[in-house]
Amino acid sequence: MGRSKQRKEQFKREHPNCYFCGHAADTVDHVPSRECFKYKVGPEGYDFPACAKCNNSAGRLEQSVALYLHMTDLSAKTLSPQYIKLLKGVRNNNIDNLPTKVARPGQMRRALRSLGLQEFIGKEVADFELVKIPKTQHEDFEKFTRRLMCALYYKHMGTILPAENYIHTMYTSAANQRAMPLIEYAARNLPNVVKTSRKNTDIGDQFVYFWRGNPDSNLFIFVGTIANAILFAGTTWGAGTKNYTDRGTQHSVDLQ
Ligand SMILES: [Zn+2]
């Protein structure tokens, strides 16, 4: 047996069940998906066991979240072939999720304010190119963040997130003024910081997150950024934890 095959067999033995639903796993899923990273080169150690159903059902939503990640990456100067491919993919599979341009001055002013760019309000707002995220895309962001929660829980707690656990998620543009308090909260309260990486390849700070977990209450919290573009945050807690239940949705809903 070749070394790569041996590694795969060992991975299967160590991870027999799907990180998302708990059924027998027969595939390996990358979370966040490779599409989220430049040249599709992501960090090591983010391969998760998945059943074919959970793995396949993620493809469409990963594609449209990746499109927004690349679109929001302010360091990119030109449209990369990867971005153009994602754009075509979303247009073919998911046309309702394409961004719409913000054109009305009132809408533009509100958007600039929410990004903390008050100083530009009153200037020539037509100079800005802003896009609005459609509602269907918000649903995909929510699903994407819940999957990310399950993957990080599996990785750091060493067990599958229980179906009866509640999950509450948040995401926002990293440039949005809502992002800063979350990052400050994370730096103060979440003791573990992970700057993901890859051997022999510098992937920069494309995926960095803070986390904390408590196995007694199945509590897990993370706050992180992907592609320096979007901040994702999630909290999950066991069904026995009081006072929170109205704010989250049980993981069992994802499995229906
Ligand atoms: Zn599954």
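Residues numbered from 1 in each chain as written. Predicted model: local features only at pLDDT ≥ 70, side-chain atom pairs only at ≥ 80, totals over all residues. Heavy atoms only, no water.

**Considerations on the coordination of the zinc ion**
Now for step 1: Those donors, Cys 18 (SG), Cys 21 (SG), Cys 51 (SG) and Cys 54 (SG), are the protein atoms that reach the zinc ion, and they lie 2.3 to 2.4 Å from it.
Now for step 2: If you look at the zinc ion, its four donor atoms make angles of 99 to 119° with each other, and the shape they trace is tetrahedral.
Now for step 3: Linear spacing of the donor residues for the zinc ion on their chain is C-x2-C-x29-C-x2-C. In this pair, Cys 18 is assigned in the loop between α1 (3-14) and β1 (27-30) and Cys 51 in the loop between β2 (47-50) and α2 (52-72), connecting sequence segments 33 residues apart. Accessibility classification places Cys 18 together with Cys 51 in one group, the buried group. (Donors = N, O, S within 2.8 Å, 3.2 Å for Na, K, Ca; no water. Tetrahedral: all angles 85-135°; square planar, octahedral: opposite > 155°, others 65-115°. Helix = DSSP H or I, 4+ residues; strand = E, 2+ residues; numbered from the N terminus. Buried < 20%, exposed > 50% of the residue type's maximum accessible area, 1.4 Å probe, protein only.)

**A closer look at the nonpolar core**
Now for step 1: Ranked by size, the top nonpolar core spans 45 residues in total, and within it Tyr 19, Leu 69, Ile 226 and Phe 232 carry the most contacts.
Now for step 2: Those elements that place two or more of their residues in this core are β2, α2, α3 (81-93), α5 (135-157), β5 (166-173), β7 (207-214), β8 (219-226) and β9 (230-237).
Now for step 3: Among the elements that take part in this core, α5 stands out by supplying ten residues, more than any other.
Now for step 4: Other than its neighbours up to four places away in sequence, Ile 226 contacts Pro 32, Cys 36, Leu 69, Phe 144, Leu 148, Gln 206, Phe 207 and Phe 232.
Now for step 5: Counting nine residues, the second-largest nonpolar core is a separate cluster that includes Ala 179, Leu 182, Leu 190 and Val 223. (Core = buried A, V, L, I, M, F, W, Y, C linked by side-chain atoms within 4.5 Å. Contact = heavy atoms within 4.5 Å.)

**Comments concerning the sheet that holds β7**
Now for step 1: Here six strands make up an open sheet; going across it, the order is β6-β7-β8-β9-β5-β10 and the pairing antiparallel. Edge positions in the open sheet fall to β6 (192-195) and β10 (249-250), since each of these has one partner strand only.
Now for step 2: Sheet analysis places β6 next to β7, joined by four bridges and oriented antiparallel. If you follow Val 194 over to β7, its bridge partner there is Tyr 209.
Now for step 3: The strands touched by α2 within the sheet are β8 and β9, with β9 carrying the most contacts at an inclination of about 135°.
Now for step 4: The strands touched by α5 within the sheet are β5, β6, β7, β8, β9 and β10, with β8 carrying the most contacts at an inclination of about 120°. (Pairing = 2+ DSSP bridges. Axes fitted to C-alpha atoms, helices over the stretch in contact; angles between N-to-C directions.)

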